[in-house]
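Each chain is listed here by its residues.
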Amino acid sequence: MVLKAEQFQIIGAECKKHPNNCVSHAKHCSKQKKDMPYKSMIVLGILLISCLMAEIIMTHDPKFMDLANTNIAPNKEFYFGTDAMGRDLFSMIWYGGRISLFIGIFATLISTSIGVIYGTISAFACRKLDDFLMRFTEIILSIPSILLILFLQGIIGQATPISIAIVIGITRWIPIAKIVRSEVKQLKNMDYVLASKIAGGSFFHILKKHLLPNFMPSIMFMVVTDIGTAIGIESTLSFLGLGLPLDVISWGSMLSLAKEAVLSNHWWVMAIPGMFLVITLICMTHIGHHIQNINNKRCSHL
Amino acid sequence: MKPKKWIQKGLQFITTMFILSILVFYMGRLAPGDPLRAYYGDGLQRMSTEKQEQARNRLGLEEPIYHQYMIWIEKAIEGDFGKSFKYKEDVTEVISDVYMNTLILGGTGFILTFGFALLLGIYCIFHENGLADRVLCKIGTVTSSIPPFWISLLLIFVFSVSLRILPSSGAYKIGQKTNLFSRAQHLILPLSVLILSHLWYFAYIVRNKLSEEIRQEYVRISKSKGLSKRKIVYGHCIRNIMPTYVSMMAISISHILGGTYVIETVFSYPGLGLLSFESAKYHDYNMLMVLTLITGAVVVISNMLAQGINKKLDPRLRDDRGEITWF
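Because the structure is a prediction, the values reported are computed rather than measured.

1. A closer look at the overall build of chain B
Line of reasoning, step 1. Within chain B one finds 12 helices and 0 strands.
Line of reasoning, step 2. Listing each helix as α and each strand as β along chain B from the N terminus yields α-α-α-α-α-α-α-α-α-α-α-α.
Line of reasoning, step 3. A buried classification covers 38% of the 327 residues belonging to chain B.
Line of reasoning, step 4. In chain B, 71% of the contacts between residues at least 6 apart in sequence involve partners at least 24 apart.

Put into structure tokens, the structure is as follows:
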């Protein structure tokens, strides 16, 4: 006999199935679920497309140093003004956005892969190895990540977008690894994992087919917010003069001239790249929070 | 705690510090960049190759790394952490000049951040999904996603450059080290940046933890028993999330220290952060070692304290290994 979904009956009062059971809260419950972060998604989409099409939008050559026009306030020719080296900020924003976004995505890819693999190994390991692996992460966590990044950047040498992305990636996997570990610890005793193991499934096969789809929702919000964080770290490093050099244009390296500019009242050098950076980060955080809230839809008893 | 436990904790602490020191030592030595440059500055270019060799030998930079480490740790146990290449003074002396500044900034920031975060989280949960909650969530998302250095720049622009009411750098006016007013004036901007950039991150975690908590069955029971909202939240829910909050406080010490370090660098606030950036930039090994070890020790000790406090707060953790997790 083939069982169909209609033949099953829901037992107990789950409020999302039975809105009558909690009338006063039903509104919030359904609202939380439907409320997609459309605004953030649209803004991010526009930014992404504009950065990819930088060549069409740009009005000047972003790398050209026009020494006759340094520190010009925003006007009709230079929409966003020029910096201390006479480069047009409007063109630089779109051109540099590519590198910033690339660093964010690439760094997150690295940190997520390391985190997932490390966490899974730790969860499957015997207690001693697990203890050791977790203690190791605690030691790494005890160095402020900005110091760690500084070290690694020093070892790799001259900063390029790829090297910065790698350095940021390999210093930011620990929170993901910890969540993955605790998730996998619960999942690994499931029958289907055992069955897959008996059938001869390899470590990566089980990880990909059985574990990843299950714990992906719980790390997804970290992955999205991590993209934003990585972009923020890159700009912080470049601002402090330890990241990308001035001639590699990114939002961060545009901001490395910002402190001098602010002290001499040229606000636009600080404000405009910063606005773009901040808007991107806010959208990322917003989407991340939304993903986190999807997992938490039950009604309040309060 | 029994004496045996104390010994165990002490051993754990020493091993961690030992491993940390080896890691930092190797990482520092393997990094390219010339420590001689830190020692002699621009004078290095005027030195002959021969003299440079001599200087290297004198500073012990030519020997294999493990040998250098052995020498370092032997001296360190006696309390001699070597000289800073850059300041030509004992490392401990340079640090003792400035560590109070970091302690004031970081400590005040830490207490205020976590105090406010708890209050804000509770306030939000009383008005869950109401107007106040949503507005606070929006504002919080904005302030917590802005990188601290940019908030600093913004505040410098508004308060130091435009309004000219607050200083943009330093920890006190030159020569007025003990002037409390001057210190407070210099502290306002860095402190507000520190709080602004970290507050919501923790408040949001409190809010989420509480919002999970109020969906538990015991809340429904307390409610039907006739307890007021306040009594349920303050009497039951808070107590349940406290262990998480305490371990989060411990873990985030390195987070907040890192934030303090960046903020110190932006505001040129003389403290451990400014020192560590300088020493990493100029490969001032001895300085970097001590700074990282101090930071590490603070974090490890606070982790252990948190475990102890948690066992007091939550009886369920007493038999188990009190494992610290991020969430």
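2. Some words on the overall build of chain A
Line of reasoning, step 1. Per the secondary structure count, chain A includes 13 helices and 0 strands.
Line of reasoning, step 2. The buried share of chain A, reckoned over its 302 residues, is 41%.
Line of reasoning, step 3. The contacts in chain A between residues at least 6 apart in sequence include a share of 67% that link residues at least 24 apart.

3. A look at the environment of Thr15(B)
Line of reasoning, step 1. Inspection of the secondary structure puts Thr15(B) in helix α1 (residues 3–30).
Line of reasoning, step 2. The sequence separation of Thr15(B) and Ile214(B) amounts to 199 residues, and the corresponding C-alpha distance is 41 Å.

4. Concerning the domain arrangement of chain B
Line of reasoning, step 1. Taken domain by domain, chain B holds domain 1 (3–77) and domain 2 (92–317).
Line of reasoning, step 2. Domain 1 of chain B and domain 2 of chain B are separated by 32 Å when their C-alpha centres are compared.

5. Some thoughts on helix α5 (residues 91–126) of chain B
Line of reasoning, step 1. With 36 residues, α5(B) should cover 52 Å at 1.5 Å per step; its first-to-last C-alpha distance of 51 Å lies within 8% of that length.
Line of reasoning, step 2. A maximum bend of about 40° is found in α5(B) at Val98(B).

6. Digging into the interface of chain B and chain A
The accessible area lost on association of the parts is a frequent measure of interface size.
Line of reasoning, step 1. Tallying the contact residues gives 50 residues for chain B and 44 residues for chain A.
Line of reasoning, step 2. When contributions to the side of chain B that touches chain A are tallied by element, the ones reaching two or more residues are α1, α6 (131–145), α7 (148–162), α8 (180–213), α9 (217–225), α10 (229–266), α11 (272–281) and α12 (285–313) of chain B.
Line of reasoning, step 3. Considering each element in turn, the side of chain B that touches chain A owes the most residues, 9 residues, to α10(B).
Line of reasoning, step 4. Counted by class, the side of chain B that touches chain A contains 28 nonpolar, 16 polar and 6 charged residues.

7. Brief notes about the nonpolar core
Line of reasoning, step 1. Ala258(A) and Met270(A) are the most contacted members of the largest nonpolar core, which has 141 residues in total.
Line of reasoning, step 2. In terms of residue count, α10(B) provides more of this core than any other element does, 17 residues in total.
Line of reasoning, step 3. Here this core gathers at least three residues from each of two domains, domain 1 (3–77) and domain 2 (92–317) of chain B.
Line of reasoning, step 4. Discounting residues that sit within four places of it in the chain, Met270(A) has contacts with Leu255(A), Ala258(A), Ala261(A), Val262(A), Leu153(B) and Phe157(B).

8. Let's talk about unusual backbone geometry
Residues and elements named next belong to chain B.
Line of reasoning, step 1. One non-glycine residue with positive phi stands out, namely Asn 129, at about 65°.
Line of reasoning, step 2. Tracing the sequence through the fold places Asn 129 in the loop between α5 and α6.
Line of reasoning, step 3. Under the C-beta neighbour-count criterion, Asn 129 is labelled partly exposed, with 16 such atoms within 10 Å.
Line of reasoning, step 4. Although it is not a glycine, Ser 268 adopts a positive phi angle of roughly 45°.

9. Section: the confidence of the model for chain B
Line of reasoning, step 1. For chain B, the mean per-residue pLDDT works out to 80, and 88% of the residues sit at or above 70.
Line of reasoning, step 2. Contacts of residues 320–327 of chain B to residues separated by more than four positions or lying in other chains number 17 contacts, the stretch itself having pLDDT below 50.

10. Regarding the confidence of the model for chain A
Line of reasoning, step 1. Of the residues in chain A, 84% reach a pLDDT of 70 or more, and the chain-wide mean stands at 79.
Line of reasoning, step 2. Across residues 14–32 of chain A, confidence stays below pLDDT 50; counting only partners more than four residues off in sequence or on other chains, it has 20 contacts.

11. Details of the environment of Val193(B)
Residues and elements named next belong to chain B.
Line of reasoning, step 1. In this structure, Val 193 sits in helix α8.
Line of reasoning, step 2. A count of 27 C-beta atoms within 10 Å places Val 193 in the buried class.
Line of reasoning, step 3. Between the C-alpha atoms of Val 193 and Arg 220, which are 27 residues apart in sequence, the distance is 40 Å.
Line of reasoning, step 4. The residues touching Val 193, leaving out its near neighbours within four places in the chain, are Pro 148, Ile 151, Ser 152, Leu 155 and Ile 263.

12. Comments concerning the environment of Phe81(B)
All names here are of chain B.
Line of reasoning, step 1. The residue Phe 81 is located in the loop between α4 (65–77) and α5 in this model.
Line of reasoning, step 2. Sequence-wise, Phe 81 and Gln 8 are 73 residues apart; in three dimensions their C-alpha atoms are separated by 26 Å.
Line of reasoning, step 3. With sequence-adjacent residues up to four places away left out, Phe 81 is seen in contact with Ala 76, Val 91, Thr 92, Asn 286 and Val 290.

Cut-off values and rules
- Residues numbered from 1 in each chain as written.
- Chains lettered and ligands numbered in written order.
- Predicted model: local features only at pLDDT ≥ 70, side-chain atom pairs only at ≥ 80, totals over all residues.
- Helix = DSSP H or I, 4+ residues; strand = E, 2+ residues; numbered from the N terminus.
- Buried ≥ 20, exposed ≤ 12 C-beta atoms within 10 Å, placed from the backbone.
- Contact = placed C-beta atoms within 7 Å.
- Domains from an automatic or database assignment.
- Expected span 1.5 Å × (residues − 1).
- Bend = angle between axes of the 7 residues up to and from the residue.
- Nonpolar A, V, L, I, M, F, W, Y, C, P; charged D, E, K, R; others polar.
- Core = buried A, V, L, I, M, F, W, Y, C linked by C-beta atoms within 7 Å.
- pLDDT = per-residue confidence, 0-100.

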